[in-house]
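Inside the fold
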Amino acid sequence: MTTQHTRTRSRHTWHLVRHYLEMVVAMVVGMVVLGPLEGLVWPGLDDRVDVHALVMATNMAVAMAAWMRFRGHSWPAIAEMSAAMYLPFVVLLVPYWAGAVSGSFLFTAGHVLMLPAMALAMWWRLDEYAHH
């Protein structure tokens, strides 16, 4: 009985980890595919680190949302996961605008903090992510 429970729990954990990694891959695809279009649509975007960070988060969120919808997730779950991707950048914009942190810190910390924020969004709707 314990072995079956351990196997089931292990499979459940792997399913969540795999789904998390799928979303991260979708985000990278969003940056790679949509990133080059930024310069065409918005020349000089790199001059505004704050705006560029939010545009990059949008590129990632669009691709991740498309993948989540393909996987059958609900719109509320997609909205929450997208919010989790923006939240670190939004929080870091205040110290950036105040001159307390650099643009490179904003970019790096925003991306790093996005990962646990996404994990928390998954935990918030664990039942949904466990079945997709």
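Predicted model, so just to flag it, every value in this text is computed and none were measured. (Residues numbered from 1 in each chain as written. Predicted model: local features only at pLDDT ≥ 70, side-chain atom pairs only at ≥ 80, totals over all residues. Heavy atoms only, no water.)

Observations concerning the overall build of the protein
Defined as follows: Only runs of H or I of at least four residues qualify as helices and only runs of E of at least two qualify as strands under DSSP, and these elements are numbered from the N terminus. Only protein chains enter the area calculation, which uses a 1.4 Å probe; residues under 20% of their type maximum are buried, those over 50% are exposed, and those in between are partly exposed. Note on contacts: a residue pair qualifies if any of its non-hydrogen atoms lie within 4.5 Å across the two residues. Under the convention used here, a 1.4 Å probe and the Shrake-Rupley method define accessible areas, while residue burial counts only the protein chains that appear. Positive charges are assigned to Lys and Arg, negative charges to Asp and Glu, while His and the chain termini are left out of the count. Charged groups are reduced to one reference atom each: NZ for lysine, CZ for arginine, CG for aspartic acid, CD for glutamic acid.
Each helix and strand counted, the protein has five helices and zero strands in total. Across its three principal directions, the C-alpha atoms of the protein cover 60 × 30 × 20 Å. In the protein, which comprises 132 residues, the share counted as buried stands at 36%. Residue pairs in contact within the protein that sit at least 24 positions apart in sequence constitute 71% of those at least 6 positions apart. Working note: accessible area of the protein is about 7,900 Å², and carbon and sulfur atoms make up 72% of it. When the 8 positive and 8 negative side-chain charges of the protein are each reduced to one mean point, those points stand 17 Å apart.

What to know about the packing of helix H2 (residues 49-70) against helix H4 (residues 103-124)
Here is the rule: Angular values range over 0 to 180 degrees, each being the angle between N-to-C directions of two axes fitted as lines to C-alpha atoms, with helices fitted over their stretch in contact. Every angle not falling under 35 degrees, over 145, or within 65 to 115 is termed oblique; those three ranges are roughly parallel, roughly antiparallel and roughly perpendicular. Crossing handedness is read from the near helix: turned anticlockwise from the far helix by less than a right angle, it gives a left-handed crossing, and turned clockwise, a right-handed one. Side-chain classes follow a simple rule in which Ala, Val, Leu, Ile, Met, Phe, Trp, Tyr, Cys and Pro form the nonpolar group, Asp, Glu, Lys and Arg form the charged group, and the remainder, Gly included, forms the polar group.
At a closest axis distance of 10 Å, the pairing of H2 and H4 adopts a crossing angle of 25°. Relative to H4, H2 is oriented roughly parallel. Considering the relative orientation of H2 and H4, their crossing is right-handed. Of the residues in H4, those touching H2 at Val-49, Asp-50, His-52, Ala-53, Met-56 and Met-60 are Gly-103, Leu-106, Phe-107, His-111 and Met-114. Here the residues of the contact of H2 with H4 sort into seven nonpolar, three polar and one charged.

Digging into the UniProt feature "transmembrane region" (unreviewed entry) in the protein
Note the following rule: UniProt positions are given in the numbering used here, feature names are shortened, and annotations may be inferred rather than shown by experiment.
The UniProt record annotates "transmembrane region" (unreviewed entry) at residues 20-45, 51-70, 77-98 and 104-124. In the segment residues 20-45, helix accounts for 85% and strand for 0%; the C-alpha atoms at its two ends are 30 Å apart.

A closer look at a nonpolar patch on the surface
Put simply, the rule reads: A patch consists of residues exposed above 30% relative accessible area that lack any salt bridge, with like charges linked at up to 9 Å and nonpolar side chains (Val, Leu, Ile, Met, Phe, Trp, Tyr) linked at up to 5 Å. By convention in these notes, a salt bridge is any Lys or Arg side-chain nitrogen within 4 Å of a carboxyl oxygen on Asp or Glu.
A surface patch of nonpolar side chains, about 420 Å² in accessible area, is lined by Val-25, Val-28, Val-29, Val-32 and Val-33. Examined against the element boundaries, Val-25 turns out to sit in helix H1 (residues 2-41).

Quick notes on the environment of Met-56
If you trace the backbone, Met-56 turns up in helix H2. Judged by its relative accessible area of 15%, Met-56 is buried. C-alpha of Met-56 to C-alpha of Pro-76: the two residues are 20 residues apart in sequence and 22 Å apart in space. Sequence-distant contacts of Met-56, defined by excluding residues within four places in its chain, comprise Met-31, Glu-38, Phe-107 and His-111.

Remarks on the pattern of salt bridges
Considering all chains together, one arrives at four salt bridges under this definition. Note that Glu-22 is salt-bridged to Arg-71, the shortest N-O span being 2.9 Å. Here the residue Glu-22 occupies a position in helix H1, and Arg-71 occupies one in the loop between H2 and helix H3 (75-97), the gap between them amounting to 49 residues.

A word on H3
Keep this limit in mind: Each helix should span, by expectation, one fewer than its residue count multiplied by 1.5 Å. Each residue is assigned a bend, namely the angle between axes fitted to the seven residues that terminate at it and the seven residues that start at it.
Along its 23 residues, H3 runs 32 Å from first to last C-alpha, staying within 8% of the 33 Å computed at 1.5 Å per residue. The axis of H3 is deflected most strongly, by about 35°, at Tyr-86, and proline Pro-88 appears within four residues downstream. Among the residues making up H3, those that are buried are Ala-77, Ile-78, Met-81, Ser-82, Ala-84, Met-85, Pro-88, Phe-89, Leu-92 and Leu-93. At the exit of H3 stands Gly-99, carrying a positive phi of roughly 85°.

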